[in-house]
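Chain by chain, the residues run as shown.
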Amino acid sequence: MSEAVGDWPPAEFERYGHDVLALIRDHFESVRSVPVTVPRSSSELMASLRAELPETGEDFAAVLADTRDRVLPHVVHWNHPSFHAYFANSASFPGVLAETLTAAMNVNAMLWKSGPAASALERVVLDWVAELVGYPADADSVLVNGASLATLYALAAARDAALGDDVRVNGVPPGAVLRVYTSDQAHSSVEKAAITLGIGQANVVRLPADEHYRLRPDLLDAAIRRDRAAGRVPVAVVATVGTTSVGAADPVRPIARVCGEHGVWLHVDAAFGGFWRLAPSLADRVEDLAPADSLVVNPHKCLYVPMEATVLHCRRRGALAGTFRLVPEYLTSHQDDEIVDYMDLSPQLGRSFRALKLWWVIRTFGRAGLAARLEESVRQARWLRAQVAGHPDWRCPVDSLYPLLCLRYEPAAVPDLDALNAAIVDEVNASGSAFLSHAVLPDGYVIRVSIGNIRTTRADVERLWDLLTGVAARLSTADFRRAA
């Protein structure tokens, strides 16, 4: 048991640490026999976990046992090789260990002087990420906890760039109507940012995408011209490289030309699509991200880094600091040419030592190792696309450069194909053998399969295909046709 006051003795921490690592090892050694999720009603889950506040400390062995037996069976295992919903992210073991050490050190990387090594390593890994994604090396960059907040911060800087320095003190001028432009495929974070910044959801101009689900530069140009003529203020364009629903990529360079002609900030959301240029088969086919005024990429989606690790780059030097730098006396510090106080580049003051897990993962695998793993996901997706193409009742209504597939089961004589495909997703997820998500396109309800987990193998994808075809065939029987 722990002492009445103070922390555990280090030896006790080590002993329990071995127990935690053993639990993790056991989980991953048998992970393919572990359900990705076990459906349970919210009331049942809450009833099983709700308890009185402990008055006295409990033995940690009991806490760990309850975690193993009562909590872990009811999480959705995003780190499972058969998790294919949303965007398949995964935490590699080097990243997991780095997160452990980061928690133990508990560094606050707000100022250089409050965490010199943390700040220095952040500079190093941000330079590495810029090189990996092909972004200018001299950009201002910062690690944040998610792409949605990165987009918010970028649009705040874009707003200030459009309105001038006075906005910091006096706010948006009365009567000014600010506009943000994006496609109807853009992430909801764009609208959330507009809500938060006072731009307003109604002033996010969602332009209809082309037949490949991409933002059209001609419609963008016309929309900006109309708004300027009406006295509105174009603040920013948000292009997406790797859209959520279908994995489309907006044409960055043509959009950048439109933005350049009108003097409008271009933010590129490449949270999903930014790192796939590392895969050799995609290197010459991906969008060039360099023209973006600001760029977000997510190492916790594609570089096997644990949540939360997002990179915001900004080639407009000083713009982020111009929006967010505010230094009270108690946070003043010595400055020189090497120092970056990362609290100046976003609203966040207390900041965890996120850089360590990127440093460990990138050093452990190297560029070549990361590229090989990303290429393997591309190969697995290519195999699955071939199976779909060869099946008379399955099709991919839209293609993607990335390992994200939208599938639709369309057997003859079933009147409600949307209901059938939704039922397939529900049954697959309820089985615990895999976990999927969906999207709704002009073609109807589609099944999204995201491939990218570091542990996913070709055999896992083959099992998924067998599961999909088996469930689909069973549901499309005469009974389902009559019910539909």
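Residues numbered from 1 in each chain as written. Predicted model: local features only at pLDDT ≥ 70, side-chain atom pairs only at ≥ 80, totals over all residues. Heavy atoms only, no water.

Structural notes on the packing of helix 5 (residues 116-133) against helix 13 (residues 355-389)
One can describe the packing of helix 5 onto helix 13 by two numbers: an axis separation of 9 Å at closest approach and a directional angle of 45°. As judged from the angle between their axes, helix 5 and helix 13 are oblique. Of the two possible hands of crossing, helix 5 and helix 13 adopt the one that is left-handed. On helix 13, the residues that touch A118, L121, E122, V124, V125, W128, V129, E131 and L132 of helix 5 are A355, L356, L358, W359, I362, R363 and R367. Along the lines of polarity and charge, the residues of the contact of helix 5 with helix 13 split into 12 nonpolar, no polar and 4 charged. (Axes fitted to C-alpha atoms, helices over the stretch in contact; angles between N-to-C directions. Helix = DSSP H or I, 4+ residues; strand = E, 2+ residues; numbered from the N terminus. Parallel < 35°, antiparallel > 145°, perpendicular 65-115°, else oblique. Left-handed = near helix turned anticlockwise from the far one by under 90°. Contact = heavy atoms within 4.5 Å. Nonpolar A, V, L, I, M, F, W, Y, C, P; charged D, E, K, R; others polar.)

Brief notes about the pairing of strand 7 (residues 310-314)
Of all the 5 residues making up strand 7, 5 are buried; the element is thus mostly covered by neighbouring parts of the structure. Burial along strand 7 is two-sided: the residues T310, L312 and C314 and V311 and H313 are all buried. Here 4 bridges tie strand 6 (residues 294-297) to strand 7, and the two strands are oriented antiparallel to one another. Each bridged residue has a counterpart across the sheet, and for V297 the counterpart in strand 7 is V311. (Buried < 20%, exposed > 50% of the residue type's maximum accessible area, 1.4 Å probe, protein only. Pairing = 2+ DSSP bridges.)

Considerations on the sheet that holds strand 5 (residues 265-269)
Picture the strands of a sheet paired through backbone hydrogen bonds; they go either parallel or antiparallel. Read across the open sheet, the 7 strands follow the order 1-7-6-5-4-2-3; overall the sheet is mixed. Here the strands that pair on one side only, and so sit at the sheet edges, are strand 1 (140-144) and strand 3 (204-207). Across this sheet, the average inter-strand angle for adjacent strands is 20°, counted without regard to direction. Contacts from helix 5 reach strand 1, strand 6 and strand 7 within the one sheet, and its direction differs from that of strand 1 by about 105°. This element, helix 8 (residues 189-196), spans strand 2 (178-183), strand 3 and strand 4 (233-240) of the sheet and lies at about 160° to strand 3.

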